[in-house]
Amino acid sequence: MSLCQSIDTLAMAFLDDELVPEERRELELHLLDCAGCRVHVDAERADLSLVRKALVAPPAPDMVKARIARALDVADREEVRAERQRSISIVGRWFLPGAAMLAAAAAIVAFVAVRPAEPSRSGAVAKEVVRQQTRTMPLEVQGAGTGPWLRENFAPIEPPKFRAPQLDIQLLGARLTAVSGHNAAQLRYLVTSGKNQFTLTAVLIDDLRNDELSGGTPIKFADRTLHVHDANGMPAVTYVDEHHMGYAFASERLTAQELLELVVSSDLIGRAQQGR
Amino acid sequence: MQALREKRTEFERQALVHTDALYGCAYRLTRNARDAEDLVQDSLLRAYRFWDSFEQDSNCKAWLLRIVTNTFINEYQRKKRSREVLDAATAEQDTTDGVLMHADANERQSPERALLDRSVSDDVQRALEALPDDFRTAVVLCDVQGLSYKEIADIMQTPVGTVMSRLFRGRKLLAAALRDFALAEGYVREGAQQPKATAVELPDDNKAIDLEKYRATKAREGSR
C-alpha cells in the first residue's frame, strides 16, 4: 500500500500530531520524494490553520464567572439545608454566652467521646418521657396561655425555651401527668426545620432526687450532670436542677447528640449559669 | 460543613480554572454568548453536584468537557425545533453523498441588514451553524480545546475512526465556508454579486479517514 493512497488520513494525523514516531518518520521521508503529497499536506496545513485561527474563542466574561460563583454558593446553601433536613445538627450554632458555649461544646465532645457502643440501659424517668412522647394525649392548655397555666397548676417556673436559630420551636401546650409517683407536667413543642415538622416533648417532674435519674450516659455540663438515654431507640436527655425539679426531653426525630445540643442551648442552662 | 468547604476549595482549584476553556467550547458549540453562558453554568453546576464521582488524578478538563458536550447534546439540542433537526439530518445525508453544497447563509437576504450584522466573529459562528452537530462537536473539541482523537472518542462515545472522519469533513466544510464568507466580505464592500455556493469535495467511503484502519491494513500487508 503506498502512502499516497492514505494521504488524507496520514496528513490529518500528522498535522494533529497523532502519528507514532515511526509513522511520522516514514511520512516525512515520503514527502521528500512525493511532490503530490507534499502539496496535499501543505493545503491541509493551510486549512487547519484557517480553521484554528477562526475558532479561537473569547475567554469567559467576568460576569459569567461571578454568576457561576453565585450559583455554586446557592448550591452550597441548598446542600447545607438538605443536610440539615436529613439530620438536624446545631453544633456551634446556639446563642449561649461565650463561656457557657465553651462548656456546652465540651459537654457534647464528652458525650461523643464516651458514647458507648451499646446504648446503656435507660432509667425509668427516661422511659416514661419517651412513652409520653410517642402517645399523643390531649393537651389541657394550648398556645400563649401555657406559661401562666403552668405557674398556676404545677410549679412557679417558666416553660423551657430553646435557642437554635435555624429551628423554629413553638410551645404547643401542656398537660398534667405523673412520672414515677411524682407530679409532672408534659409540654409539647412543635419543631420546624425547613419543610420538616416534628414534636418534642419536655416533661417537668416535681420533687425529684438526683438518684432517681438512674441509667443513661452521664455528661457533666457546668456544675450539672445531664443524662443521655436511649429508650427503645428514641433518645432522651434528663437532668435535675437545684430545686429538685427534673427535666426530661425526648423526640424521635433527633439523634441523642442533637437532642443534647438542643437541651444545652435551652434557657434553663443559661438561667442556671446566670443564677450562680 | 467542613467537608463542604473542602469540596468547594477542591472544585475551584481543579475545575473552575478551566472556566475559560469550557466557555470557549460552549461558545463554539452553541454559537452565541448567551447560550454559552447558560451552558457553562449548567455544566459546572452539574460537575459540582457529581464532584464525588470525578476520579481524582484523571483529566479534569476532559471530564468537564464531556459534561459540557453531553449537556449540550441532551439539553440544548432537544430544545431545537424539529425543522432544525431535519436540516441537520439532511446535511448529514448530503455529506454521505460525497459532496455537500454549502448554501450561503439564508439570513443575509438584504445587504443593509447584512452590513449591520456583519463581523468576522459572526462569520465563524455562521460557518459553524452550517455544520452537522457531530461534525461541529468533533472540530470544537479538537481545534478549540486541543483534545486528542482518543479523548474525543471517549467523550462522543464513538470509535476513533468516526472521530477522524467527522473531524476531517467538519474542517473541510468549515474552511470552505470561511473562505466563502471572506468573499462575501468583499462583495459587501464592492457591491459585487453574491458569491456562489461552493462545492466541497469530500472523499468517498472507500477512502475512509481512519488511522486505525490504515494501521490494520499496513500490519496485514507487512505480515504477508
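Residues numbered from 1 in each chain as written. Chains lettered and ligands numbered in written order. Predicted model: local features only at pLDDT ≥ 70, side-chain atom pairs only at ≥ 80, totals over all residues.

## A word on the overall build of chain B
When its secondary structure is counted, chain B shows 11 helices and two strands. When the helices and strands of chain B are read in sequence order from the N terminus, they spell out α-α-α-α-α-β-α-α-α-α-α-β-α. Among the 224 residues that make up chain B, the fraction classed as buried is 35%. Expressed as a percentage of contacts within chain B between residues at least 6 apart in sequence, the contacts between residues at least 24 apart total 73%. (Helix = DSSP H or I, 4+ residues; strand = E, 2+ residues; numbered from the N terminus. Buried ≥ 20, exposed ≤ 12 C-beta atoms within 10 Å, placed from the backbone. Contact = placed C-beta atoms within 7 Å.)

## Considerations on the interface of chain A and chain B
Listed by partner, the interface residues are 28 residues for chain A and 35 residues for chain B. With 10 residues, helix α4 (residues 62–86) of chain A is the largest single contributor of residues to the side of chain A that touches chain B. Looking at the side of chain A that touches chain B residue by residue, the class counts come to 18 nonpolar, two polar and eight charged. (Nonpolar A, V, L, I, M, F, W, Y, C, P; charged D, E, K, R; others polar.)

## Describing the environment of A:Asp8
Checked against the element boundaries, A:Asp8 lands in helix α1 (residues 7–15). Spatially, the C-alpha atoms of A:Asp8 and A:Val41 are 8.4 Å apart, while their sequence positions differ by 33 residues.

## Points about unusual backbone geometry
Glycine aside, residues mostly have negative phi angles, and peptide bonds mostly take the trans form. Residue and element names in this part refer to chain A. Positive phi is not limited to glycine here, since Asp-17 has a value of about 60 degrees. Following the sequence through the fold, Asp-17 ends up in the loop between α1 and α2 (21–33). In this model, His-244 sits at a positive phi of 60 degrees, which is unusual for a non-glycine residue. Within the secondary structure layout, His-244 lies in the loop between β7 (234–240) and β8 (246–250). The class of His-244 is partly exposed, set by 14 C-beta atoms lying within 10 Å.

## Quick look at the sheet that holds β7(A)
What links the strands of a sheet is backbone hydrogen bonding, and the strands pair in either a parallel or an antiparallel sense. All names here are of chain A. Spatially, the eight strands line up as an open sheet ordered β1-β2-β3-β4-β8-β7-β6-β5, and their pairing is antiparallel. Taken across any chain shown, the strands that pair with only one partner, and hence form the sheet edges, are β1 (141–142) and β5 (217–221). Alignment of β5 against strand β6 (residues 224–231), held across five bridges, turns out to be antiparallel. Directly across from Thr-217, in β6, lies its bridge partner Val-228. Packing against the sheet, helix α6 (residues 124–134) makes contact with β2 (168–179), β3 (182–193), β4 (196–205), β6, β7 and β8, and its axis sits at approximately 50 degrees to β8. (Pairing = 2+ DSSP bridges. Axes fitted to C-alpha atoms, helices over the stretch in contact; angles between N-to-C directions.)

## Considerations on the pairing of β2(A)
All names here are of chain A. When β1 meets β2, the two strands line up antiparallel, connected through two bridges. Bridge pairing links Val-141 to Ala-174 in β2. Bridge count between β2 and β3: 11 bridges; the pairing is antiparallel. Looking at β3, one finds that Asp-168 is bridged to Thr-192.

## Re helix α8 (residues 133–144) of chain B
Since the α-helix turns once every 3.6 residues, residues separated by three or four places project in the same direction. Residue and element names in this part refer to chain B. Over its 12 residues, α8 extends 15 Å from the first C-alpha to the last, a length consistent with the 16 Å expected when each residue adds 1.5 Å. Most of α8 sits out of view: 10 of its 12 residues are buried. Within α8 the residues assigned to the buried category are Phe-135, Arg-136, Thr-137, Ala-138, Val-139, Val-140, Leu-141, Cys-142, Asp-143 and Val-144. (Expected span 1.5 Å × (residues − 1).)

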